[in-house]
Amino acid sequence: MRKLGKRKVSWLAGLVSACLLLLVGFNEHPPKQVEMTGMISVAHRGASSYAPENTQAAFRKGLELGADFLECDVHLSKDGELIIMHDDKVDRTTNGKGFVKDYTLDELKQLDVGTAFGATFSGEKIMTLDELLDEFYGEIGLLIEIKKSNLYPGIEEKVVALLKKHGDVSGIIVQSFDIESMRKIHSLLPELQIAVLMKPSTLLPSAKRLEDLTSFATYINFDVSYINKRMVDRIHAYGGKVLVWSKRDQQLISKAFQYGVDGIITDFSRWPVEEPTFMVRQ
Ligand code: G3P
Ligand code: CA
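Note that the coordinates shown come from a computational prediction; the quantities given were computed from them, not determined experimentally.

Quick notes on the coordination of the calcium ion (ligand 2)
Protein-derived coordination of the calcium ion (ligand 2) comes from Glu 71 (OE), Asp 73 (OD) and Glu 145 (OE), at a distance range of 2.1 to 2.3 Å. Counting along the primary sequence, the residues that act as donors to the calcium ion (ligand 2) give the motif E-x1-D-x71-E. Taken together, the residues Asp 73 in strand S2 (residues 69-76) and Glu 145 in strand S4 (residues 141-146) connect sequence positions 72 residues apart. What makes Glu 145 buried here is its relative accessible area of 4%.

Right, here's the structure in full:
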């Protein structure tokens, strides 16, 4: 009875949000509202619909738009610095070519990570994880994704050492598709919250698998297209939480409500880039 009441409240919150979205949807480019009662909103690579992904500009925009967390992706430079970028190569987002691991930090800092997104962002520089923590931690939560840990032996120790340097880790979550890497992070710093990212092919994890994952991970996160309510309920029953992401925020928000997840990882898409989210329905 109590559970049903909670669900009704959640749907009501969804409808109210949807109406708000409809109202703002006719302005030219207003910020997308992704505030949803009881759900965490995470700015995916920063508010990456507004500014070049994984840059200071995108992180500042995520903070401005009221996200609860900033998500970022981390690699190691040739000289062992933790830097923020999504791909293991610099080609897509900068004016350089080649692998991050073949550049020193000084060389990476010469690259322009803004122009590929838009001329107004020309001159934007790659950030280090240390710089991100310095500027944003304390203001907003951080969801730090370790990319391609197989390319970077020792990256877990480096991340943990850096987080320890910044002290309190209660507002930080570290995540990866590499489950063993996350198990290692947990063993190095048990008080840190861990998230494991599930690959698209992942079926509903078995009871044994869920027991294992939730023994060290607080969150089990999915692309919203590869999960359903049954899986979310099952993970909740094992004490885990679920965050979902998608390239399309309309689908993301609608399904997040349907499935009862704990939060969304969003690019903060702008109207009229996507269809209105009033498609959310009971
Ligand atoms: O936080 C989940 C999401 O970031 C995983 O996908 O490719 O955007 O890093 P990707
Ligand atoms: Ca990511």
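So, the side chain of Thr 266
Here Thr 266 is to be found in strand S9 (residues 263-266). Side-chain polar atoms of Thr 266 contact the backbone nitrogen of Phe 268, separated by 2.8 Å.

Digging into the pattern of salt bridges
Within the structure shown, the criterion is met by 17 salt bridges. A salt bridge links Lys 101 to Asp 102; the shortest N-O distance between them is 3.6 Å. Exposure remark for Asp 102: the relative accessible area of 42% places this residue in the partly exposed category. The partner of Glu 157 in a salt bridge is Lys 184, and the shortest N-O contact between them spans 3.1 Å. Separated by 27 residues along the polypeptide, Glu 157 in helix H5 (residues 155-165) and Lys 184 in helix H6 (residues 179-188) bring together distant segments of the chain. Among the residues examined, Glu 157 registers a relative accessible area of 35% and is labelled partly exposed. Lys 184 sits in the partly exposed class, given a relative accessible area of 31%.

Here is what the cut-offs are and how they apply
Residues numbered from 1 in each chain as written. Chains lettered and ligands numbered in written order. Predicted model: local features only at pLDDT ≥ 70, side-chain atom pairs only at ≥ 80, totals over all residues. Heavy atoms only, no water. Donors = N, O, S within 2.8 Å, 3.2 Å for Na, K, Ca; no water. Helix = DSSP H or I, 4+ residues; strand = E, 2+ residues; numbered from the N terminus. Buried < 20%, exposed > 50% of the residue type's maximum accessible area, 1.4 Å probe, protein only. Polar contact = N/O pair within 3.5 Å; in protein donor to acceptor, adjacent residues only side chain to side chain. Salt bridge = Lys/Arg side-chain N within 4 Å of Asp/Glu carboxyl O.

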